[in-house]
Amino acid sequence: MDGPGEEGLLSTARTPAGRAFTLRRARFILLCLLPGAVFVALFTYYPMIRGAVIAFQRYNLFDLTSTPFTGLENFRAVLAEDRFWTALRNTGTWVAVSLFFQFFLGFGLALLLRRHFRGRGLYQAWVFFPWAMSGFLIGLLWRWMFNGQFGVINDLLLKAGLIDERIGFLATPGWAMTSVIVANIWYGVTFFAIMIMAALQSVPRDLYEAASVDGASRLRQFWHVTLPHIRPTLALIVLLRIIWILNFPDLIYSMTGGGPAGGTDIITTFLIQQVIGGDYGRAGAVGLLVLGLLLAFSVFYLNATRFEKAR
């Protein structure tokens, strides 16, 4: 026997019993959602709003007896610091170089992992292993590897005859920035490999077969079939990774702490130093500046990629 049609359901919902059932169902759904909403509000939105308010106060952890609103004083103080501008320049280098190598190495790994070969599962596990570790732990591992006295990197370079004496990788600003970028590349390649491999698997096989019938080479298939199909995914994961790298002080802080002499400071390690110094007002100002920078870049990037897609 056929169930009630759409008209029957609507007429039932208009009855007192139907309205009572609908209200009970709505209350039940709201009660189920309430714990999650309260959790998110307390641990995400409240700290975010509170941090934004503190950015406009003289809020020092060592003197909480007076926390007056000071307008833009914290922003002016931060922008007047040379260390802030050094950290901003380092951030550009940190993001650009890390992203470049992570993307292209990850793309290459994704293309290799798409092929079927013996031991493919073990190879995938080895490639994905870094992503299972915390950034702080990875920083500690690479800190020991780049140690100037007994690090394995110096040992390998000495045995290969590439250097004559040990290099203090983490004690020299130029070498220190190179070292943390190398560690970040090793860590981030996995992200691109996983995401691009998933995107490659979504390309219909029929497109490759049609291109092959038309006589297209592997390179032309990649350029005219693979790339156009996964371009939206590539645009999104590049944006996500830029935001992630910029907000990834864990590795730098565990390797160098932002040193030597601020040589590896990025904007987020500079923020952490403000917090450790007890100046929460300046830390909040730096946080809002980072947020504004990311929002401006995201709008520009999304508009640019949408324009390319439209063409």
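As the structure is a computational prediction, the values presented were derived from the model and not from experiment. (Residues numbered from 1 in each chain as written. Predicted model: local features only at pLDDT ≥ 70, side-chain atom pairs only at ≥ 80, totals over all residues. Heavy atoms only, no water.)

1. Considerations on the overall build of the chain
Right, on to step 1. From N to C terminus, the chain includes 13 helices and 0 strands.
Right, on to step 2. Seen in sequence order, the chain has helices and strands lined up from the N terminus as α-α-α-α-α-α-α-α-α-α-α-α-α.
Right, on to step 3. Taken over the C-alpha trace, the chain has a radius of gyration of 26 Å; the compact-globule value for 311 residues is 19 Å, which it surpasses by more than 25%.
Right, on to step 4. Each principal axis of the C-alpha atoms in the chain carries an extent, and together these give about 90 × 75 × 40 Å.
Right, on to step 5. Within the chain, buried positions represent 36% of all 311 residues.
Right, on to step 6. For the chain, restricting intrachain contacts to residue pairs at least 6 apart in sequence, the fraction spanning at least 24 positions comes to 65%.
Right, on to step 7. The centroid of the 26 positive side-chain charges in the chain is displaced by 5 Å from the centroid of its 17 negative side-chain charges. (Helix = DSSP H or I, 4+ residues; strand = E, 2+ residues; numbered from the N terminus. Rg over C-alpha atoms; globule rule 2.2 N^0.38 Å. Buried < 20%, exposed > 50% of the residue type's maximum accessible area, 1.4 Å probe, protein only. Contact = heavy atoms within 4.5 Å. Lys, Arg positive; Asp, Glu negative; His and termini not counted. Charge placed at Lys NZ, Arg CZ, Asp CG, Glu CD.)

2. A short note on the confidence of the model for the chain
Right, on to step 1. Averaged over all residues, the pLDDT of the chain equals 85, while 91% of them reach at least 70.
Right, on to step 2. Taken element by element, the predicted model of the chain shows its lowest mean pLDDT in helix α1 (residues 6-14) (49) and its highest in helix α3 (residues 73-79) (94).
Right, on to step 3. Scored below 50 in pLDDT, residues 307-311 makes 1 contact in the model with residues more than four places away or belonging to other chains. (pLDDT = per-residue confidence, 0-100.)

3. A word on the UniProt feature "transmembrane region" (unreviewed entry) in the chain
Right, on to step 1. According to UniProt, the "transmembrane region" (unreviewed entry) feature falls on residues 28-46, 93-113, 125-145, 175-200, 221-246 and 283-302.
Right, on to step 2. Taken as a whole, residues 93-113 contains 100% helix and 0% strand, while its terminal C-alpha atoms sit 30 Å from one another.
Right, on to step 3. Strand forms 0% of residues 221-246 and helix 100%; the C-alpha atoms that close the span are 34 Å apart. (UniProt positions renumbered as here; feature names shortened; annotations may be inferred.)

4. Let's talk about the environment of Thr65
Right, on to step 1. Along the chain, Thr65 turns up in the loop between α2 (16-54) and α3.
Right, on to step 2. Within the local environment of Thr65, its side chain forms a polar contact with the side chain of Asp63, the two groups lying 2.7 Å apart. (Polar contact = N/O pair within 3.5 Å; in protein donor to acceptor, adjacent residues only side chain to side chain.)

5. Comments concerning a nonpolar patch on the surface
Right, on to step 1. A cluster of nonpolar side chains, Leu31, Leu34, Val38, Phe39, Val40, Leu42, Phe43, Tyr45, Met48 and Ile49, forms an exposed patch at the surface whose accessible area comes to about 1,000 Å².
Right, on to step 2. Mapped onto the fold, Leu42 is located in helix α2. (Patch = residues over 30% accessible without salt bridge, like charges linked within 9 Å, V, L, I, M, F, W, Y side chains within 5 Å. Areas by Shrake-Rupley, 256 points an atom, 1.4 Å probe, with all protein chains shown as cover. Salt bridge = Lys/Arg side-chain N within 4 Å of Asp/Glu carboxyl O.)

6. A few points about the pattern of salt bridges
Right, on to step 1. By the definition in use, this model includes 4 salt bridges.
Right, on to step 2. In this structure, Arg282 and Glu81 form a salt bridge, with 2.7 Å as the shortest nitrogen-oxygen distance. With Arg282 in helix α13 (residues 280-310) and Glu81 in the loop between α3 and α4 (82-114), the pair connects residues that are 201 residues apart, well separated along the chain.
Right, on to step 3. By sharing partners, the salt bridges in this structure join Glu81, Asp279 and Arg282 into a single network.

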